[in-house]
Amino acid sequence: MANIIKNGVPWYDQHNDPVNAHAGCLIKVNNKFYLIGEYKTDKENHFIGFSKYSSPDLSNWTYEGLAFPLQKSGILGPNRIGERVKVMQVPHSKRLIMLIHADDTHYMDPYIGVAVSDDINQEFQFKGPLLFLSLI
């Protein structure tokens, strides 16, 4: 029997744990839906990683681990913020592109981070910040 998703109450995964994908995005890959969002705890405000859940029907969710973990250093390393993740798939190559808002804990050092994966079942690999050329 399918779960029923109701607004304002927690959703649960296969372990009966609340779905932990704050500000998540949905993407459909190979006839399955994926929810990728910020992994949050009550004890930490900095970036831990982006969790990944899958569902055949948008109602029953399976936790599949972190789609993108904390990096050892850099703009998505310790004591940084990673949030508002967006994932899209390139139509011809099927490569997955992840865009991430990265910042320090005071929101004074913002970046857009880019990560990629050729397979939704693999962790995304960080490529670095999206950089713009100055037009002035």
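This structure is a prediction, so every number in the text was calculated from the model and none was measured.

Enquirer: I'd love a proper account of the sheet that holds strand S5 (residues 80-89), names of residues and values included.
Expert: Judged by pairing direction, the sheet is antiparallel, and its four strands sit side by side in the order S5-S6-S7-S8 without closing on themselves. In this open sheet, the two edge strands, each paired with only one partner strand, are S5 and strand S8 (125-129). Across the sheet, the mean angle separating the axes of adjacent strands is 25° when strand polarity is ignored. Note that S5 and strand S6 (residues 96-104) share eight bridges and pair antiparallel. Across the sheet, Gly82 pairs through a bridge with Ala102, a residue of S6.

Enquirer: Talk me through the nonpolar core; I want residue IDs and the actual numbers.
Expert: In this structure, Ile36, Phe50, Phe68, Val87, Met98 and Phe124 are the most contacted members of the largest nonpolar core, which totals 20 residues. Every element with two or more residues in this core is listed here: strand S1 (22-29), strand S2 (32-38), strand S4 (62-69), S5 and S6. If you tally residues by element for this core, the top one is S6, at four residues. Among all residues touching Phe68, those that are not within four sequence positions of it are Phe47, Gly49, Phe50, Leu76, Met98, Ile100, Ala115, Phe124 and Phe126.

Enquirer: Account for unusual backbone geometry, with residues named and values stated.
Expert: Backbone phi values are negative for most residues with the exception of glycine, while trans is the configuration of most peptide bonds. Residues other than glycine seldom take positive phi values, yet Arg84 does so here, at roughly 50°. Structurally, the position occupied by Arg84 is in strand S5. With a phi close to 55°, Tyr107 is a non-glycine residue in the positive phi region. Its place among the elements puts Tyr107 in the loop between S6 and strand S7 (111-117).

Enquirer: Got a sec to walk through a nonpolar patch on the surface? Specific residues and values, please.
Expert: Together, Ile112, Leu130 and Phe132 make up a nonpolar patch on the protein surface, roughly 300 Å² of accessible area in all. A residue is classified by how much of its surface remains accessible, and Phe132, at 65% relative accessible area, is exposed.

Enquirer: An account of the side chain of Asp104 is requested, with residue identities and associated values reported.
Expert: Looking at the element boundaries, Asp104 is found in strand S6. Despite its burial, Asp104 pairs with no opposite charge, the nearest such side chain being Arg80 at 4.9 Å. Polar side-chain contacts of Asp104 include one of 2.8 Å to the backbone nitrogen of Tyr107. Engagement of the side chain of Asp104 in a polar contact is seen with the backbone nitrogen of Met108, the distance being 2.8 Å. Not counting chain neighbours up to four residues away, the residues in contact with Asp104 comprise Arg80, Ile81 and Asp109.

Enquirer: Give a description of the pattern of salt bridges that names residues and reports values.
Expert: With the rule as written, the count across this model stands at five salt bridges. Across the pair Asp109 and Arg80 runs a salt bridge, and its minimum N-O distance is 2.9 Å. Linking Asp109 in the loop between S6 and S7 with Arg80 in strand S5, this pair joins segments that are 29 residues apart in sequence. Relative accessible area serves as the criterion here: at 28%, Asp109 is assigned to the partly exposed category. Exposure remark for Arg80: the relative accessible area of 9% places this residue in the buried category. Across the pair Glu83 and Arg84 runs a salt bridge whose closest N-O atoms are separated by 3.1 Å. For Glu83, a relative accessible area of 8% puts it in the buried group. Taking the relative accessible area as the measure of exposure, Arg84 reaches 46% and is therefore partly exposed.

Scoring rules and cut-offs
- Residues numbered from 1 in each chain as written.
- Predicted model: local features only at pLDDT ≥ 70, side-chain atom pairs only at ≥ 80, totals over all residues.
- Heavy atoms only, no water.
- Pairing = 2+ DSSP bridges.
- Helix = DSSP H or I, 4+ residues; strand = E, 2+ residues; numbered from the N terminus.
- Axes fitted to C-alpha atoms, helices over the stretch in contact; angles between N-to-C directions.
- Core = buried A, V, L, I, M, F, W, Y, C linked by side-chain atoms within 4.5 Å.
- Buried < 20%, exposed > 50% of the residue type's maximum accessible area, 1.4 Å probe, protein only.
- Contact = heavy atoms within 4.5 Å.
- Patch = residues over 30% accessible without salt bridge, like charges linked within 9 Å, V, L, I, M, F, W, Y side chains within 5 Å.
- Areas by Shrake-Rupley, 256 points an atom, 1.4 Å probe, with all protein chains shown as cover.
- Salt bridge = Lys/Arg side-chain N within 4 Å of Asp/Glu carboxyl O.
- Lys, Arg positive; Asp, Glu negative; His and termini not counted.
- Polar contact = N/O pair within 3.5 Å; in protein donor to acceptor, adjacent residues only side chain to side chain.

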